[in-house]
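# Topology and contacts: notes
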Amino acid sequence: MILLGGQAYAEAARDYISIVGSSTVYPFATVVAEQFGKGGKFKTPKIESTGTGGGIKLFCSGVGVQYPDIANASRPMKKSELTACQKAGVKEITEVKIGYDGIVLAHAKSAEPMELTRREVFLALAKKVPDPSCQECDKLVDNPYKTWNQINPALPNAMIEVLGPPPTSGTRDAFAELALEGGCQTFKWIKAWKEKDEAQYKGICHTVREDGAYIEAGENDNLIVQKLSANPKALGILGFSFLDQNGDKISAVPVDGVVPDYDTISAQQYPVSRPLFFYVKKAHVGVIPGIEAYISEFTSDKAMGDEGYLTDKGLIPLPGDERKEVAQNAKNLKNYSM
């Protein structure tokens, strides 16, 4: 018998895989779990959509059957999270990259079409922006923009109203890094701060305004889809897979002239795209039944290959050579390090 973290025998305490984390990875993990459960040898894993940050925090809380076995993530694990894991006794972790996803700005099909640049997205959503009354000044002010056409006269004369995920979401983290920071860097004097004071630079480029223009809509992207359908003047931030599954209700706003679709994301031409992951607690492998088999199912060509069943759900597959390497490393439970 194997003891786990001083707990009762794991075989008796829990006979299913416990998975937490990203709302973006959740639909993919759920489909894999269903396929895995149909095999009949192991129970269907229990998956909770907690957001990337919340899921990793639970995952890193310790070793034992009361802690999750796997954490889904829509961004790489942070150094601070890995340190927290190790301090709590979670010493060995395997990272599995499953594919790519785009973060889209979407609106209702009935909405007035619009295109945005990352610079305009930054000016619309950042808490502090360059002073618009003094173009030559290197000065930041509280975001004064209320309508889109105040940023660019070519944009609609409509209130800036963007529904998006909370700070615990990996989608929020990735959006801040790829879209907001991408726009922030178009101001050379702000970009120069990165070398002088990275913390201050990130504070400027990643901090979202709190005056009502950005509305936290929870971890559930489906809820954002519903709210966009009810409010054609609002935009929503969500994963590409949710756009792909709801193309009859919502459409994407091109960013920097690129429309998010299967081809532009897989070629990494769409500027707001990111890889997706899950993390495995190696101390639980061989104790909680089925973890290795679940990893094998997820990394198989029939799941995440070019014609795999996850592409039907909107996952953008990894290139063939990288996919083989990921599957091999996952099979070998290769140790993750920063």
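Residues numbered from 1 in each chain as written. Predicted model: local features only at pLDDT ≥ 70, side-chain atom pairs only at ≥ 80, totals over all residues. Heavy atoms only, no water.

Under an unreviewed UniProt entry, the name given to the chain is Phosphate transport system substrate-binding protein, and the source organism is Methylocaldum szegediense.

## Notes on the overall build of the chain
Across its full length, the chain holds 16 helices and eleven strands. Relative to the 2.2 N^0.38 estimate, which gives 20 Å for 338 residues, the radius of gyration of the chain is 21 Å and therefore close to what a compact globule would have. Counting over 338 residues, the chain shows a buried share of 53%. Within the chain, counting contacts between residues at least 6 apart in sequence, those at least 24 apart form 72% of the total. (Helix = DSSP H or I, 4+ residues; strand = E, 2+ residues; numbered from the N terminus. Rg over C-alpha atoms; globule rule 2.2 N^0.38 Å. Buried < 20%, exposed > 50% of the residue type's maximum accessible area, 1.4 Å probe, protein only. Contact = heavy atoms within 4.5 Å.)

## Here we look at the pattern of salt bridges
Counted according to the given criterion, the structure contains 17 salt bridges. With a closest N to O distance of 3.6 Å, Glu210 and Lys127 form a salt bridge. Of this pair, Glu210 sits in the loop between α10 (198–206) and β8 (214–216) while Lys127 is found in the loop between α5 (118–125) and β5 (128–130), placing the two residues 83 residues apart along the sequence. Of the charged contacts in the structure, one is a salt bridge between Asp142 and Lys128, with a shortest N-O distance of 2.9 Å. You can see Asp142 sitting in strand β6 (residues 140–142) and its partner Lys128 sitting in strand β5, a full 14 residues away along the chain. Take Asp142: its relative accessible area is 52%, and that puts it in the exposed class. Beyond isolated ion pairs, a larger network of salt bridges with shared partners links Arg75, Lys78, Glu81 and Asp173. (Salt bridge = Lys/Arg side-chain N within 4 Å of Asp/Glu carboxyl O.)

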